[in-house]
Amino acid sequence: MMDEPDRWRQMASAPKDGSRILVTIRPSEQGPAEVDLAYWSSGDRFGSEGWRASDSAPGCIIEYAEPELKCWMPLPSANLNRTSMPSPWEGDDAEQLDGAGI
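Computed from a predicted model, the values in this text were never measured in an experiment.

What counts as what
- Residues numbered from 1 in each chain as written.
- Predicted model: local features only at pLDDT ≥ 70, side-chain atom pairs only at ≥ 80, totals over all residues.
- Heavy atoms only, no water.
- Core = buried A, V, L, I, M, F, W, Y, C linked by side-chain atoms within 4.5 Å.
- Buried < 20%, exposed > 50% of the residue type's maximum accessible area, 1.4 Å probe, protein only.
- Helix = DSSP H or I, 4+ residues; strand = E, 2+ residues; numbered from the N terminus.
- Contact = heavy atoms within 4.5 Å.
- Pairing = 2+ DSSP bridges.

> Explain the nonpolar core to me, please; I cannot follow it from the model alone.
Side chains of a nonpolar character, in soluble globular proteins, are inclined to be buried together. Among the nonpolar cores identified, the biggest contains 12 residues, and these are Met11, Ala14, Ile21, Val23, Ile25, Ala38, Trp40, Trp51, Ala53, Tyr64, Leu69 and Trp72. Counting residues per element, the ones that place at least two in this core are strand E2 (21-25), strand E3 (34-41), strand E4 (50-53) and strand E6 (69-74). Sort the elements by how many residues they give to this core and E2 lands first, with 3 residues. Excluding residues that lie within four positions of it along the chain, Ala53 makes contacts with Asp36, Leu37, Ala38, Tyr39, Ile62 and Tyr64. Formed by 6 residues, the second largest nonpolar core is a distinct cluster that contains Trp8, Val35, Cys71 and Met73.

> Is there a simple way to think about the pairing of E4 in this case?
It is a general feature of regular strands that their side chains alternate between the two faces of the sheet. Looking at chain direction, E3 and E4 are connected through 4 bridges and run antiparallel. If you follow Ala38 over to E4, its bridge partner there is Ala53. Bridge count for E4 against strand E5 (residues 63-64) is 2 bridges, and the pairing is antiparallel. Its bridge partner lying in E5, Trp51 is registered against Tyr64.

Any functional reading would require information that these geometric values do not contain.
Here it is, written out as structure tokens:
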């Protein structure tokens, strides 16, 4: 599965080992869907177990509830020369993630 890094995947398969990944945040009243860099935290003095924005500073942590995150993909490797974030996943049907609907 990791051989296709530029593909969105279901959140149920996201790594919970602390590694940084890209996530699509669902659209809400605060704005449209967007992509963020996140990681799973097992919980510490700054917050409980869950998804956090990886650029958060201690004491200013952004935590995401599971329903806020639609899907994920691994960070692109440095040799891909990507200069921008991928577009958020716009599909409605989770069955289309992981290439299952193609």
